[in-house]
Amino acid sequence: MKIQFLGASKTVTGSCFFVETDEVKFLVDCGAYQGGDELEKENFKPFPFDPADLDFVFLTHAHYDHSGRIPVLVKQGFRGRIICTQPTRDLAKIILLDSANLQQEESKRWEVNPRTDVEERKPLFTEQDVEDCMRFFEVYPYGSSVNLTRTCEFRLRDAGHILGSAILEVWLENSAGRVRKLVFSGDLGQPGARIVCDPDLIREADYVICESTYGNRIHKDRNETVLELLGILQNAQKEGGNILIPSFAIERTQEILYEINLFIENRLLTGLPVYLDSPMASKATEVFRQYPDFYDEDAKRLLKKGDDPFDFPDLHKVDSAEESKRLAMKKGIVIIAGSGMCTGGRIMHHLKNNIENKSTNVVIVGYQVKGTLGRRLVDRESVVKIFGAEYKNNAQIHTLGGFSGHGDQRDLNYWLRSFGHTPRKIFLVHGDEEIINEFAGNLAKEIHIPIQIPNIGDIVKLD
Ligand SMILES: [Zn+2]
Ligand SMILES: [Zn+2]
(Lines give C-alpha, C1' and ligand atoms only; values in the text may rest on other atoms or scores of the structure.)
(Ligands and ions follow the chains in the order given, each with its own letter.)
Protein backbone atom coordinates (compact mmCIF):
# COMPACT_ATOMS: atom_id res chain seq x y z
CA MET A 1 0.00 0.00 0.00
CA LYS A 2 1.46 3.36 -0.93
CA ILE A 3 0.62 6.99 -1.31
CA GLN A 4 2.10 9.47 -3.75
CA PHE A 5 1.89 13.21 -3.11
CA LEU A 6 1.07 14.82 -6.44
CA GLY A 7 0.19 18.35 -5.34
CA ALA A 8 -0.41 20.66 -2.39
CA SER A 9 2.90 19.51 -0.95
CA LYS A 10 4.90 22.41 0.54
CA THR A 11 2.40 24.59 -1.30
CA VAL A 12 -1.33 25.29 -0.93
CA THR A 13 -2.80 24.54 -4.34
CA GLY A 14 -3.02 21.55 -6.69
CA SER A 15 -4.32 19.06 -4.09
CA CYS A 16 -3.94 15.54 -5.45
CA PHE A 17 -2.96 12.32 -3.67
CA PHE A 18 -2.61 8.96 -5.37
CA VAL A 19 -3.20 5.83 -3.29
CA GLU A 20 -2.49 2.33 -4.54
CA THR A 21 -3.03 -1.08 -2.96
CA ASP A 22 -2.84 -4.54 -4.55
CA GLU A 23 -6.50 -4.18 -5.47
CA VAL A 24 -7.44 -0.53 -5.89
CA LYS A 25 -6.02 2.70 -7.23
CA PHE A 26 -7.61 6.01 -6.42
CA LEU A 27 -7.08 9.73 -6.05
CA VAL A 28 -8.07 11.96 -3.23
CA ASP A 29 -8.79 15.27 -4.98
CA CYS A 30 -7.58 16.20 -8.43
CA GLY A 31 -7.04 19.92 -8.09
CA ALA A 32 -5.37 22.54 -10.21
CA TYR A 33 -2.47 24.80 -9.30
CA GLN A 34 -3.27 28.48 -8.90
CA GLY A 35 -1.14 31.58 -8.36
CA GLY A 36 0.81 32.79 -11.37
CA ASP A 37 1.60 31.58 -14.87
CA GLU A 38 4.66 29.51 -13.93
CA LEU A 39 2.79 27.40 -11.38
CA GLU A 40 -0.28 27.09 -13.61
CA LYS A 41 1.83 25.49 -16.34
CA GLU A 42 2.03 22.48 -14.01
CA ASN A 43 -1.66 21.84 -14.75
CA PHE A 44 -0.79 20.88 -18.32
CA LYS A 45 1.79 18.24 -17.36
CA PRO A 46 0.72 14.60 -17.79
CA PHE A 47 -0.37 12.57 -14.76
CA PRO A 48 2.26 10.07 -13.57
CA PHE A 49 -0.35 7.27 -13.87
CA ASP A 50 -2.81 6.20 -16.54
CA PRO A 51 -6.18 7.84 -15.68
CA ALA A 52 -7.94 4.83 -17.24
CA ASP A 53 -6.44 2.62 -14.48
CA LEU A 54 -8.00 4.56 -11.62
CA ASP A 55 -11.00 3.13 -9.79
CA PHE A 56 -12.18 6.20 -7.87
CA VAL A 57 -11.64 9.83 -7.15
CA PHE A 58 -12.71 11.07 -3.73
CA LEU A 59 -13.43 14.77 -3.97
CA THR A 60 -13.21 16.42 -0.54
CA HIS A 61 -14.81 19.68 -1.70
CA ALA A 62 -15.60 21.79 -4.72
CA HIS A 63 -12.78 24.37 -4.66
CA TYR A 64 -10.79 24.60 -7.88
CA ASP A 65 -7.51 23.74 -6.15
CA HIS A 66 -9.13 20.37 -5.30
CA SER A 67 -11.33 19.77 -8.36
CA GLY A 68 -9.70 21.66 -11.26
CA ARG A 69 -8.11 18.74 -13.11
CA ILE A 70 -11.07 16.35 -12.93
CA PRO A 71 -12.24 17.22 -16.48
CA VAL A 72 -8.68 16.56 -17.70
CA LEU A 73 -8.67 13.20 -15.95
CA VAL A 74 -11.91 12.19 -17.71
CA LYS A 75 -10.67 13.54 -21.04
CA GLN A 76 -7.64 11.28 -20.64
CA GLY A 77 -9.62 8.10 -20.06
CA PHE A 78 -10.82 8.01 -16.44
CA ARG A 79 -14.08 6.03 -16.26
CA GLY A 80 -14.33 5.34 -12.53
CA ARG A 81 -16.51 6.86 -9.81
CA ILE A 82 -16.11 10.40 -8.48
CA ILE A 83 -17.28 10.33 -4.89
CA CYS A 84 -18.44 13.40 -2.97
CA THR A 85 -21.44 15.04 -1.26
CA GLN A 86 -24.40 16.57 -3.12
CA PRO A 87 -23.44 20.23 -2.58
CA THR A 88 -19.86 19.42 -3.63
CA ARG A 89 -21.08 17.99 -6.94
CA ASP A 90 -23.30 21.02 -7.66
CA LEU A 91 -20.72 23.58 -6.58
CA ALA A 92 -17.92 21.80 -8.47
CA LYS A 93 -19.99 22.01 -11.65
CA ILE A 94 -20.38 25.78 -11.20
CA ILE A 95 -16.67 26.25 -10.48
CA LEU A 96 -15.49 24.07 -13.37
CA LEU A 97 -17.89 25.64 -15.89
CA ASP A 98 -16.84 29.12 -14.82
CA SER A 99 -13.18 28.21 -15.21
CA ALA A 100 -13.73 26.59 -18.64
CA ASN A 101 -15.56 29.68 -19.77
CA LEU A 102 -12.75 32.02 -18.64
CA GLN A 103 -10.12 29.82 -20.26
CA GLN A 104 -12.01 29.63 -23.55
CA GLU A 105 -12.41 33.42 -23.60
CA GLU A 106 -8.75 33.98 -22.82
CA SER A 107 -7.73 31.64 -25.59
CA LYS A 108 -10.09 33.34 -28.07
CA ARG A 109 -8.68 36.75 -27.15
CA TRP A 110 -5.20 35.45 -27.87
CA GLU A 111 -6.23 34.05 -31.25
CA VAL A 112 -7.75 37.40 -32.26
CA ASN A 113 -4.82 39.38 -30.93
CA PRO A 114 -1.69 37.20 -30.66
CA ARG A 115 0.92 38.76 -28.40
CA THR A 116 4.59 38.03 -28.54
CA ASP A 117 5.13 38.83 -24.86
CA VAL A 118 2.52 36.36 -23.58
CA GLU A 119 2.59 32.66 -24.37
CA GLU A 120 -0.44 31.18 -26.06
CA ARG A 121 -2.55 29.33 -23.54
CA LYS A 122 -4.94 26.66 -24.81
CA PRO A 123 -7.77 25.91 -22.38
CA LEU A 124 -7.00 23.09 -19.97
CA PHE A 125 -10.58 21.96 -20.56
CA THR A 126 -13.76 23.25 -22.17
CA GLU A 127 -17.37 23.54 -21.02
CA GLN A 128 -18.10 20.35 -22.95
CA ASP A 129 -15.35 18.53 -21.01
CA VAL A 130 -17.04 19.62 -17.78
CA GLU A 131 -20.43 18.37 -18.96
CA ASP A 132 -18.76 15.06 -19.93
CA CYS A 133 -17.23 14.52 -16.51
CA MET A 134 -20.40 15.20 -14.51
CA ARG A 135 -21.87 11.76 -15.23
CA PHE A 136 -19.10 10.10 -13.20
CA PHE A 137 -20.12 11.88 -10.00
CA GLU A 138 -21.79 9.84 -7.25
CA VAL A 139 -23.10 11.55 -4.14
CA TYR A 140 -23.06 10.24 -0.57
CA PRO A 141 -24.21 11.70 2.74
CA TYR A 142 -21.97 12.41 5.71
CA GLY A 143 -21.56 9.64 8.24
CA SER A 144 -22.44 6.43 6.35
CA SER A 145 -19.78 3.82 5.73
CA VAL A 146 -19.81 2.41 2.23
CA ASN A 147 -18.00 -0.65 0.88
CA LEU A 148 -16.67 0.15 -2.56
CA THR A 149 -14.87 -3.17 -2.98
CA ARG A 150 -14.07 -6.09 -0.70
CA THR A 151 -10.93 -4.30 0.47
CA CYS A 152 -11.95 -0.65 0.36
CA GLU A 153 -14.48 1.09 2.54
CA PHE A 154 -15.00 4.82 3.05
CA ARG A 155 -17.00 7.38 5.01
CA LEU A 156 -17.38 11.12 4.48
CA ARG A 157 -17.45 13.41 7.52
CA ASP A 158 -18.15 17.14 7.76
CA ALA A 159 -15.02 19.28 7.30
CA GLY A 160 -16.87 22.56 8.01
CA HIS A 161 -14.90 24.41 5.32
CA ILE A 162 -17.47 25.17 2.61
CA LEU A 163 -20.94 23.76 2.06
CA GLY A 164 -20.62 20.00 1.45
CA SER A 165 -16.91 19.84 2.28
CA ALA A 166 -15.74 16.50 3.60
CA ILE A 167 -13.06 14.80 5.61
CA LEU A 168 -12.42 11.38 4.06
CA GLU A 169 -12.00 8.24 6.16
CA VAL A 170 -10.90 5.26 4.10
CA TRP A 171 -10.21 1.69 5.24
CA LEU A 172 -7.93 -0.42 3.04
CA GLU A 173 -6.58 -3.92 3.31
CA ASN A 174 -2.82 -4.19 2.88
CA SER A 175 -0.96 -7.13 1.29
CA ALA A 176 -0.66 -8.87 4.70
CA GLY A 177 -4.46 -8.82 4.96
CA ARG A 178 -4.45 -6.14 7.69
CA VAL A 179 -6.76 -3.16 7.53
CA ARG A 180 -5.25 0.32 7.63
CA LYS A 181 -7.28 3.47 8.02
CA LEU A 182 -6.29 6.65 6.21
CA VAL A 183 -7.85 10.00 7.08
CA PHE A 184 -7.61 12.94 4.68
CA SER A 185 -8.58 16.17 6.39
CA GLY A 186 -9.42 17.95 3.12
CA ASP A 187 -9.58 21.66 4.00
CA LEU A 188 -10.67 22.08 7.60
CA GLY A 189 -12.98 24.93 8.50
CA GLN A 190 -13.02 27.26 11.46
CA PRO A 191 -15.25 26.15 14.30
CA GLY A 192 -17.97 28.75 14.83
CA ALA A 193 -18.44 29.64 11.15
CA ARG A 194 -21.94 30.99 10.49
CA ILE A 195 -23.38 28.71 7.81
CA VAL A 196 -21.44 25.45 7.85
CA CYS A 197 -21.08 23.19 10.90
CA ASP A 198 -17.90 22.71 12.92
CA PRO A 199 -15.42 20.14 11.55
CA ASP A 200 -16.10 16.61 12.80
CA LEU A 201 -13.50 15.14 15.12
CA ILE A 202 -12.15 11.76 14.06
CA ARG A 203 -11.26 9.33 16.78
CA GLU A 204 -9.03 6.91 15.01
CA ALA A 205 -6.59 6.55 12.12
CA ASP A 206 -3.38 4.85 11.11
CA TYR A 207 -2.29 7.62 8.76
CA VAL A 208 -3.51 11.22 8.75
CA ILE A 209 -3.01 13.57 5.83
CA CYS A 210 -3.71 17.01 7.24
CA GLU A 211 -3.89 20.47 5.75
CA SER A 212 -1.69 23.25 7.16
CA THR A 213 -2.85 26.48 5.47
CA TYR A 214 -2.83 28.56 8.67
CA GLY A 215 -0.61 26.24 10.71
CA ASN A 216 1.43 29.14 12.14
CA ARG A 217 -1.32 31.68 12.63
CA ILE A 218 -4.02 32.48 15.16
CA HIS A 219 -7.10 34.05 13.60
CA LYS A 220 -8.79 37.03 15.08
CA ASP A 221 -11.94 36.23 16.97
CA ARG A 222 -14.93 35.74 14.73
CA ASN A 223 -17.20 38.17 16.57
CA GLU A 224 -14.50 40.85 16.66
CA THR A 225 -14.06 40.40 12.92
CA VAL A 226 -17.76 40.90 12.35
CA LEU A 227 -17.66 44.12 14.41
CA GLU A 228 -14.58 45.23 12.46
CA LEU A 229 -16.44 44.69 9.19
CA LEU A 230 -19.34 46.73 10.53
CA GLY A 231 -16.94 49.53 11.53
CA ILE A 232 -15.29 49.56 8.11
CA LEU A 233 -18.66 49.71 6.35
CA GLN A 234 -19.94 52.51 8.62
CA ASN A 235 -16.75 54.61 8.25
CA ALA A 236 -16.59 54.12 4.52
CA GLN A 237 -20.23 55.13 4.24
CA LYS A 238 -19.38 58.41 6.02
CA GLU A 239 -16.38 59.05 3.74
CA GLY A 240 -18.47 58.27 0.68
CA GLY A 241 -15.88 56.05 -1.05
CA ASN A 242 -16.45 52.64 -2.53
CA ILE A 243 -15.89 49.43 -0.61
CA LEU A 244 -14.47 46.56 -2.63
CA ILE A 245 -14.63 43.05 -1.28
CA PRO A 246 -12.73 40.58 -3.46
CA SER A 247 -14.44 37.37 -2.53
CA PHE A 248 -14.49 33.70 -3.31
CA ALA A 249 -17.84 33.00 -4.95
CA ILE A 250 -18.47 30.07 -2.67
CA GLU A 251 -18.92 30.24 1.10
CA ARG A 252 -17.07 33.50 1.76
CA THR A 253 -19.52 35.51 -0.33
CA GLN A 254 -22.49 33.85 1.35
CA GLU A 255 -20.93 34.46 4.79
CA ILE A 256 -20.44 38.16 3.99
CA LEU A 257 -24.02 38.43 2.71
CA TYR A 258 -25.17 36.62 5.85
CA GLU A 259 -23.42 39.18 8.11
CA ILE A 260 -24.58 42.22 6.12
CA ASN A 261 -28.12 40.79 6.19
CA LEU A 262 -27.89 40.69 10.01
CA PHE A 263 -26.49 44.27 10.17
CA ILE A 264 -29.46 45.44 8.15
CA GLU A 265 -32.02 43.36 10.06
CA ASN A 266 -30.64 44.82 13.30
CA ARG A 267 -30.61 48.34 11.81
CA LEU A 268 -26.87 48.75 12.38
CA LEU A 269 -26.53 49.71 8.75
CA THR A 270 -28.94 51.60 6.52
CA GLY A 271 -28.86 53.02 3.03
CA LEU A 272 -25.68 51.27 1.88
CA PRO A 273 -26.27 49.64 -1.50
CA VAL A 274 -24.49 46.31 -1.96
CA TYR A 275 -23.72 45.01 -5.46
CA LEU A 276 -23.01 41.32 -5.83
CA ASP A 277 -21.08 41.56 -9.07
CA SER A 278 -20.54 37.86 -9.62
CA PRO A 279 -22.94 35.68 -11.59
CA MET A 280 -21.01 32.69 -10.24
CA ALA A 281 -21.58 33.76 -6.62
CA SER A 282 -25.29 34.25 -7.40
CA LYS A 283 -25.44 30.71 -8.80
CA ALA A 284 -23.56 29.32 -5.80
CA THR A 285 -26.01 31.11 -3.48
CA GLU A 286 -28.81 29.21 -5.22
CA VAL A 287 -27.04 25.93 -4.36
CA PHE A 288 -26.81 27.09 -0.74
CA ARG A 289 -30.56 27.68 -0.76
CA GLN A 290 -31.12 24.11 -1.98
CA TYR A 291 -29.29 22.37 0.86
CA PRO A 292 -30.40 23.85 4.20
CA ASP A 293 -29.80 20.43 5.80
CA PHE A 294 -26.08 21.14 5.53
CA TYR A 295 -26.34 24.38 7.59
CA ASP A 296 -25.46 24.70 11.24
CA GLU A 297 -27.98 25.61 13.94
CA ASP A 298 -27.71 29.43 13.62
CA ALA A 299 -28.43 29.49 9.93
CA LYS A 300 -31.26 26.95 10.26
CA ARG A 301 -32.87 29.08 12.97
CA LEU A 302 -32.74 32.16 10.75
CA LEU A 303 -34.44 30.23 7.97
CA LYS A 304 -37.15 29.07 10.36
CA LYS A 305 -37.87 32.70 11.26
CA GLY A 306 -38.59 33.23 7.59
CA ASP A 307 -35.52 35.40 6.94
CA ASP A 308 -33.60 34.64 3.77
CA PRO A 309 -30.03 34.82 5.12
CA PHE A 310 -28.64 35.71 1.69
CA ASP A 311 -30.97 38.53 0.71
CA PHE A 312 -31.84 42.03 1.95
CA PRO A 313 -33.52 45.13 0.47
CA ASP A 314 -30.45 46.98 -0.82
CA LEU A 315 -28.76 43.97 -2.42
CA HIS A 316 -28.40 44.16 -6.20
CA LYS A 317 -27.28 41.22 -8.26
CA VAL A 318 -25.24 42.24 -11.27
CA ASP A 319 -25.43 39.91 -14.24
CA SER A 320 -24.11 41.34 -17.47
CA ALA A 321 -20.64 42.77 -18.06
CA GLU A 322 -22.29 46.07 -19.17
CA GLU A 323 -24.09 46.42 -15.86
CA SER A 324 -20.81 45.69 -14.10
CA LYS A 325 -19.02 48.42 -16.08
CA ARG A 326 -21.74 50.93 -15.17
CA LEU A 327 -20.80 50.50 -11.49
CA ALA A 328 -17.73 52.67 -12.29
CA MET A 329 -20.05 55.69 -12.19
CA LYS A 330 -21.33 55.00 -8.69
CA LYS A 331 -19.95 56.20 -5.35
CA GLY A 332 -20.61 55.05 -1.82
CA ILE A 333 -21.41 51.46 -2.67
CA VAL A 334 -20.18 48.02 -1.65
CA ILE A 335 -19.02 45.79 -4.51
CA ILE A 336 -18.50 42.08 -3.86
CA ALA A 337 -16.78 40.51 -6.85
CA GLY A 338 -14.38 37.73 -7.75
CA SER A 339 -11.84 36.45 -8.04
CA GLY A 340 -11.07 36.08 -4.36
CA MET A 341 -7.32 36.56 -4.84
CA CYS A 342 -7.66 39.27 -7.53
CA THR A 343 -6.16 37.05 -10.21
CA GLY A 344 -8.86 37.88 -12.77
CA GLY A 345 -12.58 38.47 -13.00
CA ARG A 346 -14.62 41.61 -12.47
CA ILE A 347 -12.84 42.74 -9.29
CA MET A 348 -9.86 43.70 -11.50
CA HIS A 349 -11.85 46.47 -13.22
CA HIS A 350 -13.16 47.77 -9.92
CA LEU A 351 -9.65 47.81 -8.44
CA LYS A 352 -8.34 49.62 -11.51
CA ASN A 353 -11.06 52.27 -11.18
CA ASN A 354 -10.80 52.74 -7.42
CA ILE A 355 -7.35 51.81 -6.12
CA GLU A 356 -5.78 55.30 -6.51
CA ASN A 357 -8.58 56.91 -4.53
CA LYS A 358 -7.87 57.46 -0.82
CA SER A 359 -11.52 57.02 0.15
CA THR A 360 -11.59 53.50 -1.31
CA ASN A 361 -11.68 50.64 1.16
CA VAL A 362 -10.58 47.17 0.10
CA VAL A 363 -11.65 44.43 2.48
CA ILE A 364 -9.68 41.19 2.14
CA VAL A 365 -11.57 38.26 3.62
CA GLY A 366 -9.67 35.17 2.46
CA TYR A 367 -6.26 33.59 2.08
CA GLN A 368 -4.05 35.25 -0.56
CA VAL A 369 -1.55 32.99 -2.29
CA LYS A 370 1.94 34.39 -2.95
CA GLY A 371 2.29 35.99 -6.37
CA THR A 372 -1.33 37.13 -6.61
CA LEU A 373 -2.50 40.75 -6.73
CA GLY A 374 -4.51 40.06 -3.58
CA ARG A 375 -1.30 39.17 -1.73
CA ARG A 376 0.37 42.36 -2.98
CA LEU A 377 -2.54 44.38 -1.58
CA VAL A 378 -2.30 42.59 1.76
CA ASP A 379 1.46 43.30 1.78
CA ARG A 380 0.55 46.94 1.08
CA GLU A 381 2.81 47.31 -1.96
CA SER A 382 2.69 51.01 -2.89
CA VAL A 383 2.42 50.43 -6.64
CA VAL A 384 0.50 47.51 -8.15
CA LYS A 385 0.09 46.24 -11.69
CA ILE A 386 -3.41 45.72 -13.05
CA PHE A 387 -3.85 44.60 -16.67
CA GLY A 388 -0.20 45.45 -17.32
CA ALA A 389 -0.43 49.10 -16.15
CA GLU A 390 0.89 50.48 -12.86
CA TYR A 391 -1.41 52.07 -10.29
CA LYS A 392 -0.67 53.79 -6.98
CA ASN A 393 -2.18 51.84 -4.14
CA ASN A 394 -3.82 54.66 -2.15
CA ALA A 395 -6.75 52.62 -0.91
CA GLN A 396 -7.28 51.63 2.70
CA ILE A 397 -6.62 47.89 2.83
CA HIS A 398 -8.20 45.81 5.60
CA THR A 399 -7.43 42.15 6.20
CA LEU A 400 -10.14 40.34 8.11
CA GLY A 401 -8.68 37.00 9.23
CA GLY A 402 -11.77 35.95 11.16
CA PHE A 403 -13.72 35.11 8.00
CA SER A 404 -11.19 32.52 6.98
CA GLY A 405 -12.58 29.27 5.66
CA HIS A 406 -9.67 27.47 7.31
CA GLY A 407 -9.02 26.69 10.93
CA ASP A 408 -5.95 28.31 12.52
CA GLN A 409 -3.04 26.73 14.39
CA ARG A 410 -5.15 26.13 17.51
CA ASP A 411 -7.98 24.56 15.51
CA LEU A 412 -5.63 22.26 13.59
CA ASN A 413 -3.85 21.23 16.81
CA TYR A 414 -7.17 20.51 18.46
CA TRP A 415 -8.34 18.44 15.50
CA LEU A 416 -5.10 16.44 15.39
CA ARG A 417 -5.04 15.89 19.15
CA SER A 418 -8.53 14.42 19.07
CA PHE A 419 -7.35 11.16 17.53
CA GLY A 420 -7.69 8.88 20.54
CA HIS A 421 -6.05 5.91 18.93
CA THR A 422 -2.59 7.24 18.12
CA PRO A 423 -1.90 7.39 14.40
CA ARG A 424 1.32 5.85 13.06
CA LYS A 425 2.16 8.97 11.13
CA ILE A 426 0.89 12.41 10.24
CA PHE A 427 1.62 13.91 6.84
CA LEU A 428 1.35 17.70 6.67
CA VAL A 429 0.26 19.09 3.30
CA HIS A 430 -1.58 22.08 1.82
CA GLY A 431 0.56 24.88 3.24
CA ASP A 432 3.39 27.17 2.19
CA GLU A 433 6.77 25.69 3.09
CA GLU A 434 7.73 28.06 5.94
CA ILE A 435 4.27 27.74 7.46
CA ILE A 436 4.31 23.94 7.33
CA ASN A 437 7.79 23.83 8.92
CA GLU A 438 6.73 26.09 11.77
CA PHE A 439 3.49 24.14 12.24
CA ALA A 440 5.37 20.81 12.31
CA GLY A 441 7.91 22.19 14.81
CA ASN A 442 5.20 23.33 17.22
CA LEU A 443 3.13 20.20 16.74
CA ALA A 444 6.10 17.94 17.51
CA LYS A 445 6.32 19.55 20.97
CA GLU A 446 2.72 18.61 21.73
CA ILE A 447 2.13 15.23 20.16
CA HIS A 448 4.61 12.40 19.90
CA ILE A 449 3.68 10.99 16.55
CA PRO A 450 6.09 10.92 13.59
CA ILE A 451 5.38 13.87 11.28
CA GLN A 452 6.38 13.98 7.65
CA ILE A 453 6.32 16.95 5.28
CA PRO A 454 6.27 15.38 1.82
CA ASN A 455 7.64 16.95 -1.36
CA ILE A 456 5.70 16.86 -4.59
CA GLY A 457 6.23 13.47 -6.22
CA ASP A 458 7.24 11.67 -2.99
CA ILE A 459 6.02 8.08 -2.73
CA VAL A 460 5.58 6.68 0.77
CA LYS A 461 4.93 3.05 1.61
CA LEU A 462 2.17 2.60 4.17
CA ASP A 463 2.71 -0.58 6.19
ZN1 LIG B 1 -10.85 24.73 -0.02
ZN1 LIG C 1 -7.62 23.95 -0.63
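Keep in mind that what you see is a predicted model, and the values were worked out from it rather than measured.

Cut-offs used in this document
Residues numbered from 1 in each chain as written. Chains lettered and ligands numbered in written order. Predicted model: local features only at pLDDT ≥ 70, side-chain atom pairs only at ≥ 80, totals over all residues. Helix = DSSP H or I, 4+ residues; strand = E, 2+ residues; numbered from the N terminus. Rg over C-alpha atoms; globule rule 2.2 N^0.38 Å. Buried ≥ 20, exposed ≤ 12 C-beta atoms within 10 Å, placed from the backbone. Contact = placed C-beta atoms within 7 Å. Pairing = 2+ DSSP bridges. Axes fitted to C-alpha atoms, helices over the stretch in contact; angles between N-to-C directions. Parallel < 35°, antiparallel > 145°, perpendicular 65-115°, else oblique. Left-handed = near helix turned anticlockwise from the far one by under 90°. Nonpolar A, V, L, I, M, F, W, Y, C, P; charged D, E, K, R; others polar. Core = buried A, V, L, I, M, F, W, Y, C linked by C-beta atoms within 7 Å. Domains from an automatic or database assignment. Expected span 1.5 Å × (residues − 1). Arc of directions from axis to C-beta.

## Quick look at the overall build of the protein
When helices and strands are tallied, the protein shows 14 helices and 22 strands. On C-alpha atoms alone, the protein measures out to a radius of gyration of 22 Å, which is about the 23 Å that the 2.2 N^0.38 rule sets for 463 residues. Based on the C-alpha atoms only, the size of the protein along its principal axes is roughly 70 × 50 × 40 Å. The proportion of buried residues among the 463 residues of the protein is 46%. Contacts in the protein between residues at least 24 apart in sequence constitute 75% of all its contacts with a sequence separation of at least 6.

## Some points on the sheet that holds strand S10 (residues 179-184)
With mixed pairing, the seven strands of this open sheet are ordered in space as S7-S8-S9-S10-S11-S20-S21. Both outer strands of the open sheet, strand S7 (146-149) and strand S21 (451-452), are each paired with one neighbouring strand and no more. Of the pairings in the sheet, the one linking strand S9 (residues 166-173) to S10 comprises six bridges and is antiparallel in character. Across the sheet, Val-170 pairs through a bridge with Leu-182, a residue of S10.

## Examining the packing of helix H4 (residues 86-112) against helix H5 (residues 127-134)
Contact geometry of H4 with H5 gives a least axis separation of 8 Å together with a crossing angle of 160°. Taken together, the axis directions place H4 and H5 in an arrangement best described as roughly antiparallel. The two elements H4 and H5 meet at a crossing, and its hand is right-handed. Contacts from Lys-93, Leu-96, Leu-97, Ala-100 and Asn-101 in H4 reach Glu-127, Asp-129, Val-130 and Met-134 in H5. Considered class by class, the residues forming the contact of H4 with H5 number five nonpolar, one polar and three charged.

## Section: the packing of H4 against helix H8 (residues 279-290)
Two numbers describe how H4 lies on H8: the axes approach to 10 Å, and their chain directions differ by 170°. Relative to H8, the element H4 is oriented roughly antiparallel. Where H4 abuts H8, its residues Pro-87, Asp-90, Leu-91, Ile-94 and Asp-98 lie against Met-280, Lys-283, Ala-284 and Val-287. When the residues that make up the contact of H4 with H8 are grouped by side-chain class, the tally is six nonpolar, no polar and three charged.

## Overview of the nonpolar core
Residues Phe-17 and Val-57 are the most contacted members of the largest nonpolar core, which totals 121 residues. The leading source of residues in this core is H4, at six residues. Summarising the domain contributions, this core has at least three residues from each of domain 1 (2-217 + 406-461) and domain 2 (222-403). Not counting residues within four places of it along the chain, the set of residues in contact with Phe-17 comprises Ile-3, Phe-5, Leu-6, Leu-27, Val-28, Asp-29, Phe-184 and Ile-209.

## Topic: helix H14 (residues 433-446)
The end-to-end C-alpha distance of H14, which contains 14 residues, comes to 20 Å, matching closely the 20 Å that a straight helix rising 1.5 Å per residue would cover. Looking at H14, one finds that the buried residues are Ile-435, Ile-436, Phe-439 and Leu-443. The buried residues of H14 occupy an angular sector of 90° when projected down its axis, which confines them to one face. The exposed residues of H14 that point more than 90 degrees off its buried face are Glu-433, Glu-434, Gly-441 and Lys-445. Of the surrounding elements, those touching the buried residues of H14 are helix H13 (409-417), strand S20 (425-429) and S21.

## Looking at the domain arrangement of the protein
What the domain assignment reports for the protein is domain 1 (2-217 + 406-461) and domain 2 (222-403). For domain 1 versus domain 2, the separation of C-alpha centres amounts to 27 Å. On the domain 2 side, the residues contacting the 24 residues of domain 1 number 23 residues. Of the residues that constitute the side of domain 1 that touches domain 2, the class distribution is eleven nonpolar, nine polar and four charged.

## Focus on unusual backbone geometry
Note the cis peptide between Gly-338 and Ser-339, where omega equals 5°. Examined against the element boundaries, Ser-339 turns out to sit in the loop between strand S15 (334-337) and helix H11 (347-354). Although it is not a glycine, Ala-8 sits at a positive phi angle of roughly 45°. Structurally, the position occupied by Ala-8 is in the loop between strand S1 (2-5) and strand S2 (16-20). Ala-8 gets classed as buried once you count the C-beta atoms within 10 Å, which come to 27. With a phi angle near 55°, Cys-342 is a residue other than glycine that sits in the positive phi range. When you line up the elements, Cys-342 lands in the loop between S15 and H11.

## Considering the pairing of S7
Strand direction decides the pairing type here: S7 and strand S8 (residues 152-158), joined by three bridges, are antiparallel. When the bridges of S8 are listed, Thr-149 appears paired with Cys-152. Between S7 and S8, which follow one another and run antiparallel, lie two residues.

## Some thoughts on the pairing of S2
S2 sits mainly inside the fold: four of its five residues count as buried. In this sheet, S2 lies alongside S1 in antiparallel orientation, the contact comprising four bridges. When the bridges of S2 are listed, Phe-5 appears paired with Phe-17. With five bridges connecting them, S2 and strand S3 (residues 25-30) associate as antiparallel partners. Bridging from a neighbouring strand, Cys-16 pairs with Cys-30 of S3.

## Quick look at the sheet that holds S15
If you walk across this open sheet you meet the six strands as S14-S13-S15-S12-S16-S19, and the pairing is parallel. Strands at the two margins of the open sheet, each flanked by one partner only, are strand S14 (315-317) and strand S19 (396-399). The average undirected angle you get between the axes of adjacent strands in this sheet is 20°. Sheet analysis places strand S12 (residues 243-246) next to strand S16 (residues 361-364), joined by two bridges and oriented parallel. Of the residues in S16, the one forming a bridge with Leu-244 is Val-362. Where helix H6 (residues 222-239) meets the sheet, its contacts fall on S12, S15, S16 and S19, and the angle it forms with S16 comes to roughly 165°.

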